[in-house]
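As a plain string of letters, each chain reads:
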Protein chains: 2
Amino acid sequence: MYSHTVFSTLADPTRRRIVEALRHGEQAVNDIVGLVGVDQPGVSRHLRILHEAGFVQVRPHAQQRFYSLRSEPFRELAAWLTNYRIFWEARLEHFARALDRKAPVRRKGKQ
Amino acid sequence: MYSHTVFSTLADPTRRRIVEALRHGEQAVNDIVGLVGVDQPGVSRHLRILHEAGFVQVRPHAQQRFYSLRSEPFRELAAWLTNYRIFWEARLEHFARALDRKAPVRRKGKQ
DNA sequence: CGTATATATACCAATAGATATATACAGCGC
DNA sequence: GCGCTGTATATATCTATTGGTATATATACG
């Protein structure tokens, strides 16, 4: 068995497409199949990896299984990235502005 | 030839250790060897991949080559992560606070 | 109870990536 | 010029992952 990390999980382009497909809400497996262009067993295998890595959760309903994203790995990624924030500081303003609603940034003209 | 993405580049733990080793400034190849626990040719091969992926730049000096981090891939990663910010919003305060020096967050006493 | 549908798993061939060993090349000091 | 050190590349081997086909399991429905 192999334990995937956040990065190795996202290293596969098919899995990134699946994550992308789940961005706006939960999807049944077959819906995902139609979106990512891999056959159903392939999608199921990737979903298992995504599940083991904590990226997705499942909600069974009838014969279908609805997958949706979990937040933890994204937080982990954000935390990792924080260590390197000096390298994308130039874009921090952008970033910060994205948070406006939640915690407005005080622009002080570069101080 | 294989073109690595930001994620597949970081998928390898040795490369993450190399990036980590470069976090606080440039290092010569042999210094990195001592830090990451892989033999020198191995480090060189990983450095090549990191270079091709835009993670590092080189400054030759005498026989040594000093490697240092570039910002672009980190910005790319941050941009990707932005699409999923709804998933780590809970931690945004933390995040935002990390920026304090640059753009202080207006704490509204949790509102 | 039997059939259809949705999903998961097993097995396979092909491929990609990692590590180590050996080798080549370049700059420096003597 | 010669050897020494630092760095890069080539080769071989090994392991892990991918995607496909076929099959198994589970739930719904008539």
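Refer to the structure printed above.
Keep in mind the model is a prediction, meaning the values are calculated, not measured.

### Here's the deal with the pattern of salt bridges
Considering all chains together, one arrives at eight salt bridges over all chains under this definition. Residue Glu72(B) is joined to Arg70(B) by a salt bridge in which the shortest nitrogen-to-oxygen separation is 3.6 Å.

### A short note on the packing of helix H5 (residues 72–82) of chain A against helix H5 (residues 72–82) of chain B
The interhelical angle for the contact between H5(A) and H5(B), taken along N-to-C directions, is 150 degrees, at an axis separation of 11 Å. Judged by the inter-axis angle, H5(A) sits roughly antiparallel to H5(B). As for the relative orientation of H5(A) and H5(B), their crossing is left-handed in sense. Across the interface between the two elements, Phe74(A), Leu77(A), Ala78(A), Trp80(A) and Leu81(A) of H5(A) pack against Phe74(B), Leu77(B), Ala78(B), Trp80(B) and Leu81(B) of H5(B). Looking at the contact of H5(A) with H5(B) residue by residue, the classes come out as 10 nonpolar, no polar and no charged.

### Here's the deal with the packing of helix H3 (residues 29–36) of chain A against helix H4 (residues 40–52) of chain A
All names here are of chain A. One way to put it is that H3 packs onto H4 with a least axis distance of 9 Å and a crossing angle of 105 degrees. By the angle between their axes, H3 is roughly perpendicular relative to H4. Residue-level inspection shows Val29, Asn30, Ile32, Val33 and Val36 of H3 in contact with H4, the latter providing Gln40, Val43, Ser44 and Leu47. The residue inventory of the contact of H3 with H4, partitioned by class, reads six nonpolar, three polar and no charged.

### Looking at the nonpolar core
Generally speaking, soluble globular proteins have nonpolar side chains that are buried together. Phe74(A), Leu77(A), Phe74(B) and Leu77(B) are the most contacted members of the largest nonpolar core, which has 50 residues in total. Each of domain 1 (6–70) and domain 2 (71–103) of chain B accounts for three or more of the residues forming this core. Those residues in contact with Leu77(A) that lie beyond four places of it in its chain are Val6(A), Phe7(A), Leu10(A), Phe7(B), Leu77(B), Trp80(B) and Leu81(B).

### Re the protein's contact with DNA strand D
Near DNA strand D there are 22 residues, and of these Tyr2(A), Arg15(A), Arg45(A), His46(A) and Tyr67(B) occur at the shortest range. Here the residues of the surface near DNA strand D are counted per class, giving eight nonpolar, eight polar and six charged.

Calculation rules
Every chain is numbered independently, its residues counted from 1 as its sequence is written. Chains carry letters and ligands carry numbers; both start at the beginning, A for chains and 1 for ligands, and go up in the order they are written. Local features in this predicted model are restricted to residues of pLDDT 70 or higher, and side-chain atom pairs are both shown and tallied only at a pLDDT of 80 or more, whereas totals for entire chains, interfaces and linings draw on every residue. Side-chain descriptors were evaluated using all non-hydrogen atoms of the structure, hydrogens and water having been removed beforehand. Salt bridge, as applied in this entry: a Lys or Arg side-chain nitrogen positioned within 4 Å of an Asp or Glu carboxyl oxygen. Structural elements are reduced to axes, namely lines fitted to C-alpha atoms, with helices fitted over the stretch in contact, and the angle between N-to-C directions of any two is expressed from 0 to 180 degrees. Secondary structure is summarised from DSSP: a helix means a run of H or I of at least four residues, a strand means a run of E of at least two, and numbering begins at the N terminus for each. Relative orientations are named as follows: roughly parallel for angles under 35 degrees, roughly antiparallel for angles over 145 degrees, roughly perpendicular for angles from 65 to 115 degrees, and oblique for any other angle. Left-handed describes a crossing whose near helix is turned anticlockwise from the far helix by less than a right angle; the clockwise case is right-handed. Note on definitions: a residue-residue contact is assigned when non-hydrogen atoms from the two residues lie within 4.5 Å. Just so you know the grouping, Ala, Val, Leu, Ile, Met, Phe, Trp, Tyr, Cys and Pro go in nonpolar, Asp, Glu, Lys and Arg go in charged, and all remaining residues, Gly too, go in polar. What makes a nonpolar core is a set of buried Ala, Val, Leu, Ile, Met, Phe, Trp, Tyr and Cys residues whose side-chain atoms join them at distances within 4.5 Å. Remark: exposure states derive from per-residue accessible area (1.4 Å probe, protein chains only) relative to the maximum for the residue type, with buried under 20%, exposed over 50%, and partly exposed in between. Where each domain starts and ends comes from a domain assignment, either automatic or drawn from a database. Here, proximity means that at least one heavy atom of the residue falls within 4 Å of the molecule or strand.

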